[in-house]
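For reference, the chains in residue letters:
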Amino acid sequence: MCKWLCPLWLTLLISLSTPSVAAIETYQFASPQLADRFNALTEELRCPKCQNQNLADSDSIISKDLRRQVKLMVDAGQSDDQIRAFMVQRYGDFILYDPPFKTQTLVLWLAPVVLVIIGVMVVIFMRRGKVTASVALNDQERAKLDALIKQQKENSE
Amino acid sequence: MSEDKHPSWQRLLLLIPVLLAFGLGLFLYQGLGKDPNKLESSLLGQQVPDFIGESLAEPVRAISRADILGTPSLLNVWATWCPTCKAEHAYLNELVAREGVRIIGVNYHDQRGPAQEWLVRLGNPYAFSIYDPKGQLGIELGVIGAPETYLVDADGTIVDKLTGELNERTWAQLKPQYEALMARQSQ
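Reading the values: the criteria
- Residues numbered from 1 in each chain as written.
- Chains lettered and ligands numbered in written order.
- Predicted model: local features only at pLDDT ≥ 70, side-chain atom pairs only at ≥ 80, totals over all residues.
- Heavy atoms only, no water.
- Helix = DSSP H or I, 4+ residues; strand = E, 2+ residues; numbered from the N terminus.
- Buried < 20%, exposed > 50% of the residue type's maximum accessible area, 1.4 Å probe, protein only.
- Contact = heavy atoms within 4.5 Å.
- Areas by Shrake-Rupley, 256 points an atom, 1.4 Å probe, with all protein chains shown as cover.
- Expected span 1.5 Å × (residues − 1).
- Bend = angle between axes of the 7 residues up to and from the residue.
- Core = buried A, V, L, I, M, F, W, Y, C linked by side-chain atoms within 4.5 Å.
- Salt bridge = Lys/Arg side-chain N within 4 Å of Asp/Glu carboxyl O.
- Axes fitted to C-alpha atoms, helices over the stretch in contact; angles between N-to-C directions.
- Left-handed = near helix turned anticlockwise from the far one by under 90°.
- Nonpolar A, V, L, I, M, F, W, Y, C, P; charged D, E, K, R; others polar.
- Buried area = accessible area lost by both parts, 1.4 Å probe.
- Pairing = 2+ DSSP bridges.

**Q** Now, about the overall build of chain A: what can you tell me, with residues and values included?
**A** A count of helical and extended segments in chain A gives 6 helices and 0 strands. Going from the N terminus to the C terminus, chain A shows its helices and strands as α-α-α-α-α-α. Counting the 157 residues in chain A, one finds 24% classified as buried. Considering only contacts in chain A between residues 6 or more positions apart, those separated by 24 or more positions represent 50%. By element, 65% of the accessible surface of chain A is carried by carbon and sulfur atoms, the whole surface being about 11,400 Å².

Below, the structure written as structure tokens:
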């Protein structure tokens, strides 16, 4: 009996005891719209302490504080842009997972486009190179090449 | 005959990948020394935001922005749970004794009892400490973690910010600016 039931129970217990990653504290919102905005903002804002986690996923002190701050600002009727501006003023562009297009982030935005263009140019250049190379043999060269091939064959026989 | 196939301008094109690789190398190289934990705070050059906190020593005493003005000061974010704060504590004491620097503490996400005990045990370098158990002042200042040290001028403008331990080496970065502020102050 235990052969079947015990693993089943074990699985159930483990799945119950594993804490969920995100919801560290639960906030009550006046409307679902506010909750949606809170969730969206804490997902797009980056934890300043951790290198690659957003506010929603991070367990660090600063993320907890900033979630509370977002909650306060959402409740106070501030717009998403106002909240983003508040965060950027304190923690710089680092806090945005979607950085704005400006001089310091120029490389970030343009590098992929430039790399694709370079890639395409390289392919075109190499193809052209191949075609001209095969065409470029003149009669004299071809005769010489044939002679070499013939000689090689005789040697190997 | 190869000269016919590849005119000199075409040969120059062959240099492009080399130049690109070199440029990319340079770009990546200058990123090597950067500390990924060091963030640009946009508050540099701006005023310390308005705040009202309470004194760590006396719960009834309110502390506001006005209390930190008047003379160039260091705003040092510390906590008893932070090992680096403990490491730098002796240096803070030394800085006060040796150079008479005014250091104001921000007791960050801590408990009053252990924090007061810590100051008794290790010495108190702070003119006063602001008790910030919920990190609200921390958010206003853009604090990411402890320890952090802000250099603030007499008018409450944030001049520079140091993330991590304050010691001989890092104080050397802040000191020229601090001395310039002091010189301006005494004029």
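After presenting the structure, the write-up continues.
**Q** Please provide a residue-by-residue account of unusual backbone geometry, values included.
**A** Residues and elements named next belong to chain B. Backbone torsion omega between Ala146 and Pro147 reads -5 degrees, so that peptide bond is classified as cis. Here Pro147 shows up in the loop between helix 6 (136–141) and strand 6 (148–152). Although it is not a glycine, His109 adopts a positive phi angle of roughly 50 degrees. Along the chain, His109 turns up in the loop between strand 4 (102–108) and helix 5 (112–122).

**Q** Kindly report on helix 4 (residues 83–99) of chain B, identifying the contributing residues and their values.
**A** Residues and elements named next belong to chain B. Spanning 17 residues, helix 4 covers 25 Å between terminal C-alpha atoms, matching the ideal 24 Å at 1.5 Å per step. The sharpest bend along helix 4 comes to roughly 35 degrees, located at His89. Along helix 4, the residues that are buried comprise Cys85, Glu88, His89, Tyr91, Leu92 and Leu95. Here the buried face of helix 4 lies against strand 3 (73–78), strand 4, helix 5, strand 5 (126–132) and helix 7 (168–186).

**Q** Before we move on, can you summarise the nonpolar core with the specific residues and values?
**A** The nonpolar side chains of a soluble globular protein tend to be buried, and buried together. Counting residues in hydrophobic clusters, the biggest one holds 63 residues, and the most contacted among them are Val70(A), Leu74(B), Leu166(B) and Trp171(B). Beyond its immediate sequence surroundings of up to four residues, Val70(A) is in contact with Phe38(A), Leu41(A), Thr42(A), Leu45(A), Leu55(A), Ile83(A) and Met87(A).

**Q** Could you give an account of the pattern of salt bridges, with specific residues and numbers?
**A** Counted under the stated rule, the structure contains 13 salt bridges over all chains. The partner of Asp65(A) in a salt bridge is Arg68(A), with the nearest N and O atoms 3.6 Å apart. In this pair, Asp65(A) and Arg68(A) both sit in helix 3 (residues 61–75), 3 residues apart, roughly one turn of the helix. Summarising the burial analysis for this pair, Asp65(A) and Arg68(A) share the class buried. With a closest N to O distance of 3.5 Å, Arg61(B) and Glu58(B) form a salt bridge. The class of Glu58(B) is partly exposed, set by a relative accessible area of 39%.

**Q** For the packing of helix 2 (residues 32–44) of chain A against helix 3 of chain A, give the residues involved together with the corresponding values.
**A** Residue and element names in this part refer to chain A. Contact geometry for helix 2 and helix 3: axes closest at 10 Å, N-to-C directions at 145 degrees. Crossing geometry of helix 2 relative to helix 3 is assigned as right-handed. Across the interface between the two elements, Leu34, Arg37, Phe38, Leu41 and Thr42 of helix 2 pack against Arg67, Val70, Lys71, Val74 and Asp75 of helix 3. Among the residues making up the contact of helix 2 with helix 3, the classes are represented as 5 nonpolar, 1 polar and 4 charged.

**Q** Please set out the interface of chain A and chain B residue by residue, giving values where relevant.
**A** With 22 residues of chain A in contact, the opposing surface of chain B contributes 28 residues. The junction of chain A with chain B conceals about 2,000 Å² of combined surface from both sides, 58% of it contributed by carbon and sulfur atoms. It is Gln89(A), Arg90(A) and Tyr91(A) in chain A that bury the most area against chain B; as a group they hold 27% of the surface buried on that side. Joining chain A to chain B, the criterion identifies 1 salt bridge. Of the charged contacts in the structure, one is a salt bridge between Glu140(B) and Arg90(A), with a shortest N-O distance of 2.9 Å.

**Q** Describe the pairing of strand 7 (residues 158–163) of chain B, listing the residues and the values that go with them.
**A** All names here are of chain B. Summarising the sheet, strand 6 and strand 7 pair through 5 bridges and their orientation is antiparallel. Paired with Leu151 across the strands is Asp160, a residue of strand 7. The hairpin formed by strand 6 and strand 7 contains 5 residues between the paired strands, and Gly156 there has a positive phi angle of roughly 90 degrees.

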